[in-house]
Structures are given as C-alpha cells and as structure tokens.
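What follows is the residue order along each chain.
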Amino acid sequence: MKIYNTLTKTKEEFKPINEEEVRMYSCGPTVYNYAHIGNLRAYIFMDLLSKTLRADGYKLKHVMNITDVGHLTSDADEGEDKVQKAARAQNKDPYEIVNFYTEVFLKDIESLNIRKPDIISRATEHIPEMIEYVQKIVENGYGYETSTGVYFDISKLPSYGILSNKNIEGEQAGARVAVDKEKRNPLDFAIWIKAPENHIMKWESPWGLCFPGWHIECSAMSKKYLGEQFDIHTGGVDHIPIHHENEIAQSMGYCGKIPANYWMHCEFLLVDDGKMSKSLGNVYTLEDLRERGFSPLDFRYLCLSASYRNKLNFTFESLKSAKTGLERLRNAVEEHENGTVSVSDEEMTKYKNQFLEVMNDDLDTPKAMNIVWEIARKVNKSKQYAELISEMDEILGIDISVEKIATIREMEEKIDILATLDDETKQLIQEREVARANKDWAKSDEIREKLTKKGISVKDTKEGMEIKRM
Ligand code: AMP
Ligand code: ZN
C-alpha cells in the first residue's frame, strides 16, 4: 500500500514495523457537542484506511481516544476546557455531558458503517498513565513547572516543528507580546494544567490538583496500547501544526522516539465553499441531514467522491446528487443479481485487482467508485457482477451489497405499508400488540383473523410484528 506521509511529505510504500500486526492510532472526538459532518468525514477516512489494510490481509490493532477533558477552546493553551464550558452553559455535570455525547458519537459512526476501533480509550480513565508520562518528561529535562502547570520546553528539542515545518523563530517572535512570563519560550506548551478552583474534573498529582493537557492524553494512551513506536497515526489536517507536533515533541521528551512512522491527515470538509461556523448556521450534524430526508450513507457516498487529501465542498445539491447516485447504484446491483450471464474468472480477477490497487494507492476513492460504476453499468446482467460489487462494499461501506440492499428494501416496504394503512387497521394492530404483551393469545388470534379479512397478514418475528399486504 502507498500512503502519503505528512512527516516526510511524500507518498511512501507502507512497511509495518511488525508484519504480524499493524498498529494504528486515531485521534478521536472531543465530546462536548454533537459531531458535525466535517468531523465525521475524518472518521470515514479512518474507516476506509482500516478496512483497506484488513483487505490487504493485515491484522490490525486500532485505537481511538475519546477526549473528555483537557481540550481547551483554542487548540493551544488558551481558553477554557471545552467540556467544562459546555457543562457550565447547560448547567450540567461534565460527566453527564461527556457520557451523552460519547453515546451519540458511537451511534453516529455506527450509522455511517464505520467499524468501531478495537480499543476506544477515554482520557479520564488514563490519568495515572498520563502522570507517569509527564513525570518522565520532567525527569528527562524537557518539562518544567510554573504556577499554572507543567510546560514542555521546546528549546530542548532542536527538531521541534518537524511535522508542520514551522518557522519556530518567526512564530516565537510573533508570540512574544502576549506570552505568559513564566514560560521559558513563547511556544512552550502545557502538558499538565493546574485546575482553577471551579474546574470540576481534576485529579491529585505531584503538581497538585490538575487536569491533563489534550496532547498528553494521546501520547500516554497511544503508548499504553500500542507501545512507544507504532505504524500509523491519523487525524484531521488541523491537528498537524499543534496537536500532532506536540505529541511528537512529548514522545521525544519521554523516550527519544517519534511515536508513529506514518502520519496521515484528512483534509477539511467545506460547506458552501467556506468554513463551517455556528454564526453562519451551517454546522450540520447527521440528524440535520436526516431531517432533510438524507441518510448517513448518502453522506458517506458523497465523501467517496473526493480523495481524503483534497478539500471537499458540501452543498445540499451535491448531497442530493449523492443520494440519487447511491439509489441508482443499488438498482443496478439488483438488476445484476437477477442476471444470468456468466463472467470469466479473468474479468472477475481483473476488477478485484484494479479495485484493490486504487484503494492501495493512498485510498483513491474517486477511482474506486469509477470501477464500481463501470461494473454497475454493464449491459450484460450477471449475478457475478453483483457479487463483485458486494465484495467492494466491504471497504466502501455504502450498503450496495446484495444482502444490505435486500434489508433496505424490506424496510422501505414496511414504511410504505404503515403509511398507507387506514386508522381502523392501525388501531387493530395496536390492540394486537397489547394482547400479545399481555400473553392473551386468544385475543391476539382473533385480531389476526380480522386483519386477514382486511387483506393484511401479520407474522410474529424476533424483531416484532411483520406486516404485509396479501
Ligand atoms: P474534534 O472533536 O474537534 O477534536 O475534531 C474531530 C476531528 O474532526 C479531528 O480529526 C478534526 O481534525 C476533524 N475536523 C474538524 N473540522 C473538520 C472539517 N471541517 N472537515 C474535516 N475534518 C474536520
Ligand atoms: Zn490526539
């Protein structure tokens, strides 16, 4: 597989440290609000990567964190803890906030067909590991205490800025004016923060009651689960200049190693050609899309139309085209499923290889979709083509496999039937549900008879009552 490595700024052949198992860490969400579709694009990218690696035959150990404390309103050291701020605004306990948004996030990724990482690690459950990490940085001479926390001394690390090619001197000069006087260098960053009186999430530590800096969380958790050096680290492009730069610095201070060999970053999703922002009212969640009649997978399909390394412009027009495209694709697969033409082994292998080849070329999803469409459009209809596309869907994750389409059609049928029932029939169905809940089988059967007379058949399954027109 070839992947673009932000660290070396080149597309490289991927070579894992250990052929037996690839180790990958993904920066996860800060759970103080609903994830917006820009955030979700980054996790769709993460999922395409993990599935392609698995399709290549690698065993993968994939870790993703949940930041439930320590992410300040600026990615650097300014502002309030995002979770604390949300808790204050909603007059809730911060743990209530993070539990709620973590659950919503996990549901969101499930509805986008994103495979749950093998380990999902919450920052607040790894405080001892973080304290150990900070202690060692200080012992090694890379960290120092001030009245507000423990800081990383970037002057001790000549390679600081390696990931983003930052002009350290220029940035330091620019930052000098507003800088905290206790810091040794303007770009020194907090790794451990002394908790203000009103900060609810705080822990005893060698530096008093504190909470972790966002960057130390990822350093300590990736080290715990994947070791000091692992293969791939993913995130969004906004992580490059601060968060990931600082993770690298911390690891250098801790053990003298860059934690990951390959750093991969997903570009931004734009909305109407601009940044998503609350003031413009264009920060959309999956729920917003659903309310407008779109499914999460319509959005996933849209994301496949661009490489993760390019900006993608979101408009409701483009989402509408994605929805239409996806529906046409499903229809095409159904037609193939009913086809009888036989396809040669040679052609089947050719398509399988072509598909894997483009996915292995730094996840070239636009080319992968071209291949899918080429097969979908074949005039000769063949069950084998439907099988081929089903297999590709294991990576693409847009429910274009024969099995997934069948489930979707069943659901659509159910919704259609329910929408057309008259009030009396609906009432009978409800009464039957009550009878069954009360184990009143005689009544339940009696109602079934009545429904049959109205041309409605009901069957009881594990998932509930199945309703069909006869
Ligand atoms: P956060 O929860 O703010 O830490 O962000 C979660 C992920 O979403 C990170 O990987 C960010 O880099 C990414 N991200 C934030 N905004 C966008 C956007 N507009 N487009 C794509 N990715 C984004
Ligand atoms: Zn991180």
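Calculation notes
Residue positions are given per chain, counted from 1 along the sequence in the order it is written. Chains and ligands are labelled sequentially in the order written, the chains with letters from A and the ligands with numbers from 1. Two thresholds apply to this predicted model, a pLDDT of at least 70 for residue-level local features and 80 or more for giving and counting side-chain atom pairs, whereas whole-chain, interface and lining totals are computed over all residues. As a convention, hydrogens and water are excluded, and side-chain values are obtained from all of the structure's heavy atoms. For helices, the fitted line uses only the C-alpha atoms of the stretch in contact; every axis is such a line through C-alpha atoms, and the angle between N-to-C directions lies from 0 to 180 degrees. Put simply, DSSP H or I for four residues or longer makes a helix, DSSP E for two residues or longer makes a strand, and each gets a number counted from the N terminus. Our angle categories are set so that under 35 degrees counts as roughly parallel, over 145 as roughly antiparallel, 65 to 115 as roughly perpendicular, and the remainder as oblique. Contacts between residues were defined by any pair of non-hydrogen atoms, one from each residue, lying within 4.5 Å. Under this grouping Gly is polar, as are all residues other than the nonpolar Ala, Val, Leu, Ile, Met, Phe, Trp, Tyr, Cys and Pro and the charged Asp, Glu, Lys and Arg. When a carboxyl oxygen of Asp or Glu lies within 4 Å of a side-chain nitrogen of Lys or Arg, that pair is called a salt bridge. We call a residue buried when its accessible area falls under 20% of the maximum for its residue type, exposed when it is over 50%, and partly exposed in between, using a 1.4 Å probe and counting protein chains only. Donors, by definition, are the N, O and S atoms found within 2.8 Å of a metal, the threshold being 3.2 Å for Na, K and Ca, and water is not counted, so a site can look incomplete.

Caption draft 1: Focus on the packing of helix H9 (residues 296-304) against helix H10 (residues 316-337). At a minimum axis distance of 8 Å, the contact between H9 and H10 shows a crossing angle of 100°. Between H9 and H10, the angle falls in the class roughly perpendicular. Residues Leu297, Asp298, Phe299, Tyr301 and Leu302 of H9 touch H10, and the partners they reach there are Ser318, Leu319, Ala322, Lys323, Gly325, Leu326, Leu329 and Arg330. Within the contact of H9 with H10, the residues separate by chemical class into 8 nonpolar, 2 polar and 3 charged.

Caption draft 2: Broad picture of the packing of H9 against helix H12 (residues 365-376). Between H9 and H12, whose axes approach to 8 Å, the crossing angle comes to 110°. Classified by the interaxial angle, the pair formed by H9 and H12 is roughly perpendicular. Facing Tyr301, Cys303 and Leu304 of H9, the residues of H12 in contact are Thr365, Pro366, Met369 and Trp373. Of the residues assigned to the contact of H9 with H12, the class counts are 6 nonpolar, 1 polar and no charged.

Caption draft 3: Molecular detail of the pattern of salt bridges. In total, this model carries 30 salt bridges according to the counting rule given. For Lys59, the salt bridge identified is with Glu21, shortest N-O distance 3.4 Å. Separated by 38 residues along the polypeptide, Lys59 in the loop between helix H1 (37-55) and strand E4 (60-66) and Glu21 in the loop between strand E2 (10-13) and strand E3 (22-26) bring together distant segments of the chain. Lys257 is paired through a salt bridge with Glu228; the nearest N and O atoms lie 2.8 Å apart. Here Glu228 lies in the loop between helix H6 (214-226) and strand E10 (230-236) and Lys257 lies in the loop between helix H7 (240-255) and strand E11 (260-266), a separation of 29 residues in the sequence. Taking the relative accessible area as the measure of exposure, Lys257 reaches 31% and is therefore partly exposed. According to the relative accessible area criterion, Glu228 is partly exposed, its value standing at 28%. Residues joined in a network through salt bridges with shared partners are Glu327, Glu334, Arg409 and Glu412.

Caption draft 4: Representation of the coordination of the zinc ion (ligand 2) within the structure. At the metal site, the zinc ion (ligand 2) is ligated by Cys27 (SG), Cys218 (SG) and His243 (NE2), and these contacts range over 2.0 to 2.1 Å. Mapped onto the sequence, the residues coordinating the zinc ion (ligand 2) show the spacing C-x190-C-x24-H. Note that Cys27 is positioned in the loop between E3 and H1 and Cys218 in helix H6, a separation of 191 residues in sequence. Taken individually, Cys27 and Cys218 each receive the classification buried, so the pair is uniform in this respect.

Caption draft 5: Seen up close, the environment of Gly397. When you line up the elements, Gly397 lands in the loop between helix H13 (383-396) and helix H14 (402-420). Classification of Gly397 as buried rests on a relative accessible area of 4%. Sequence-wise, Gly397 and Lys15 are 382 residues apart; in three dimensions their C-alpha atoms are separated by 26 Å. Apart from residues no more than four positions distant in its own chain, Gly397 is found in contact with Leu112, Asn113, Leu297 and Arg300.

Worth remembering: the numbers are spatial, not functional.
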